[in-house]
Amino acid sequence: MIMDNSSLEKKVLIPETFSADPSANVFNGKIYIYPSHDRDIVLEHNDNGDEYMMEDYHVYEMDDVNTMPRDCGMALHIKDIPWASIQAWAPDCAEKNGTYYFYFPARDKQGMFRLGVATAKNPEGPFKAEPEPIKGSYSIDPCIFPDDDGQYYLTWGGIWGGQLDQYRNNVWGKDNKEPEGDELAVCGKIAKMTDDMLQFAEEPRDIVVLDENGKPLTGKDHDKRYFEGPWLFKRNGKYYFTYSTGDTHLLIWTVSDNVYGPYTYGGVIMTPPVGWTTHHSICEFKGKWYLFYHDCIRSNGVNHHRDVKFQEIKFRDDGSIITVNP
Ligand code: FUB
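Throughout what follows, the structure given in this document is the object of discussion.

What counts and what doesn't
Residues numbered from 1 in each chain as written. Predicted model: local features only at pLDDT ≥ 70, side-chain atom pairs only at ≥ 80, totals over all residues. Heavy atoms only, no water. Helix = DSSP H or I, 4+ residues; strand = E, 2+ residues; numbered from the N terminus. Rg over C-alpha atoms; globule rule 2.2 N^0.38 Å. Buried < 20%, exposed > 50% of the residue type's maximum accessible area, 1.4 Å probe, protein only. Contact = heavy atoms within 4.5 Å. Areas by Shrake-Rupley, 256 points an atom, 1.4 Å probe, with all protein chains shown as cover. Lys, Arg positive; Asp, Glu negative; His and termini not counted. Charge placed at Lys NZ, Arg CZ, Asp CG, Glu CD. Phe/Tyr/Trp six-rings, centres within 6.5 Å; stacked < 30°, edge-to-face > 60°. Lys NZ or Arg CZ within 6 Å of the ring centre and 35° of its normal. Pairing = 2+ DSSP bridges. Axes fitted to C-alpha atoms, helices over the stretch in contact; angles between N-to-C directions. Near = heavy atom within 4 Å. Polar contact = N/O pair within 3.5 Å; in protein donor to acceptor, adjacent residues only side chain to side chain. Nonpolar A, V, L, I, M, F, W, Y, C, P; charged D, E, K, R; others polar. Salt bridge = Lys/Arg side-chain N within 4 Å of Asp/Glu carboxyl O. Core = buried A, V, L, I, M, F, W, Y, C linked by side-chain atoms within 4.5 Å.

Quick look at the overall build of the protein now. Within the protein one finds 1 helix and 22 strands. Relative to the globule expectation of 20 Å for 326 residues, the C-alpha radius of gyration of the protein, 18 Å, shows essentially globular dimensions. In terms of its C-alpha atoms, the protein occupies a principal-axis envelope of roughly 50 × 50 × 45 Å. Within the protein, the fraction of its 326 residues that count as buried is 61%. Expressed as a percentage of contacts within the protein between residues at least 6 apart in sequence, the contacts between residues at least 24 apart total 55%. With the model as given, the accessible surface of the protein reaches about 13200 Å², and the carbon-plus-sulfur share is 49%. Of the side-chain charges in the protein, 33 are positive and 51 negative, and the distance between the mean point of each set is 2 Å.

Encoded structure:
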């Protein structure tokens, strides 16, 4: 279906189902969207995210920003992930040497979130999952970032239901919880990947975000601190680490000269959409930059019935991002 370019922006891209957490990547001159697949079931909303009971993934191919995406079919089902039990949450995908690596989180048989990898020879799958999760992985929302030197980095993490706040220095502790007040905020995580893309090549590190005064963000910075949904990209030699602030429903950008950071808070990419969660990706396509995100307008605010949308975003000459409204 060919439509006027502007008419697809902010429109439901996948009307045949509910979908969320879109990771948009450009492969072979097309945009591939890797979303979570929200199920049309009735569940109560809670702070643990128990209503997000997703169990499979579909991949969507977009020839252009004025062409509705094509459903490429089932890419992976949780029953085919040997180590996983429930909740196949936000995924991402990268290509290396002709193989596509699909990263996803799910709860293991003990109920802890882990990160898994599945591979295919084409961007739409179907993907075959590795028998075990990535060693030493935990929490949710993997984003795989290919740097221009050929190195790949995984960033991830989500607090509350995503369990990241239960860890300190990569170790789980039953008494760990989200820092409050002037305690240092929990950070998103990053690790370089091994050459085969299947394991961490190093101990996961914190992605520290500094405020405008050069001070690390703290627990009280609810409108700036990391919550979930990381997306890392590079533009004009600068790394942008972007994410959701969760309970304040913002998408935030931060910037650094170094992939590991520290990153400095930049501002808001997008003001709160309808619905509790905010989760996005950013990709460059044919010289323009696009923000993929989701909202719950069609379901009248049912938090786990979300719709993937996109709109163009623009940068100022100094590299800052102009805030958009959903
Ligand atoms: O879709 C389930 C979870 O909701 C994601 O993993 C989070 O980022 C939030 O969007």
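Where two aromatic rings form a pair, the distance of their centres and the angle of their planes describe that pair. Following the criterion strictly, the structure yields 31 aromatic pairs and no others. Their ring planes at 40° and their centres at 4.7 Å tell us that W89 and F113 sit as a pair that is tilted. Remark: F113 occurs in strand β7 (residues 113-120) and W89 occurs in the loop between β4 (70-77) and β5 (92-96); sequence separation between them is 24 residues. W89 sits in the buried class, given a relative accessible area of 8%. On the basis of relative accessible area, F113 is assigned to the buried category, the value being 0%. With 5.9 Å between their ring centres and 15° between their planes, Y226 and F241 make a pair best called stacked. In this pair, Y226 sits in the loop between β15 (209-210) and β16 (228-235) while F241 sits in strand β17 (residues 238-244), placing the two residues 15 residues apart along the sequence. Residue class for Y226 comes out buried when judged on its relative accessible area of 3%. A connected cluster of aromatic rings, assembled from ring pairs, spans F27, Y32, Y34, Y57, W83, Y100, F102, F104 and F127. We note K224 situated over the ring of Y265; from NZ or CZ to the ring centre the distance is 5.1 Å.

This paragraph deals with the sheet that holds strand β9 (residues 143-146). Pairing within the open sheet is antiparallel, and its 4 strands lie in the order β9-β10-β13-β14. Across the chains shown, the open sheet's two edge strands, defined by having one partner strand only, are β9 and β14 (205-207). Each strand of the sheet is rotated relative to its neighbour by a mean of 35°, with strand direction disregarded. The pairing of strand β10 (residues 152-156) with strand β13 (residues 188-192) spans 4 bridges and is classified as antiparallel. Its bridge partner lying in β13, W156 is registered against K189.

Moving on: the site of the ligand. All residues in the neighbourhood of the ligand are listed as D21, M54, W89, A90, I140, D141, E228, T277, H279, H294 and R306. Within the side chain of D21, a nitrogen or oxygen atom sits 2.5 Å from an oxygen atom of the ligand. One of the side-chain nitrogen or oxygen atoms of R306 is found 2.7 Å away from an oxygen atom of the ligand. Protein chains shield 99% of the accessible area of the ligand, which is 270 Å² for the free molecule. Classifying every residue of the shell around the ligand gives 4 nonpolar, 3 polar and 4 charged.

Taken as a whole and assessed by the stated rule, the structure comprises 22 salt bridges. Among the salt bridges present, the one from D21 reaches R306, with a minimum N-O distance of 3.7 Å. Of the two residues, D21 is situated in strand β1 (residues 20-27) and R306 in the loop between β21 (288-295) and β22 (307-313); the sequence distance between them amounts to 285 residues. We note that D21, like R306, is buried. When salt bridges with common partners are traced through the structure, they connect K30, E61, D63 and R70 into a single cluster.

Turning to the sheet that holds strand β2 (residues 30-36), a few remarks are in order. In space, the 4 strands of this open sheet follow the order β1-β2-β3-β4, with antiparallel pairing throughout. Where the open sheet ends on each side, the last strands, each with one partner, are β1 and β4. Taking the axes of each pair of neighbouring strands and ignoring which way they run, one obtains an average angle of 25° across the sheet. Here β2 runs beside strand β3 (residues 56-62); their pairing, made up of 3 bridges, is antiparallel. The residue bridging Y32 from the neighbouring strand is E61, located in β3.

Another point: the nonpolar core. In terms of nonpolar packing, the biggest core is built from 58 residues, with Y103, L154, L232, V259 and L291 touching the most fellow members. If you tally residues by element for this core, the top one is strand β19 (residues 263-270), at 5 residues. Once residues within four sequence positions are removed from consideration, L232 is found in contact with C143, F145, T155, I190, Y239, Y240, F241, V259 and Y263. Counting residues in each nonpolar core, the second largest holds 21 residues, with Y34, Y57, V59 and I78 among its members.

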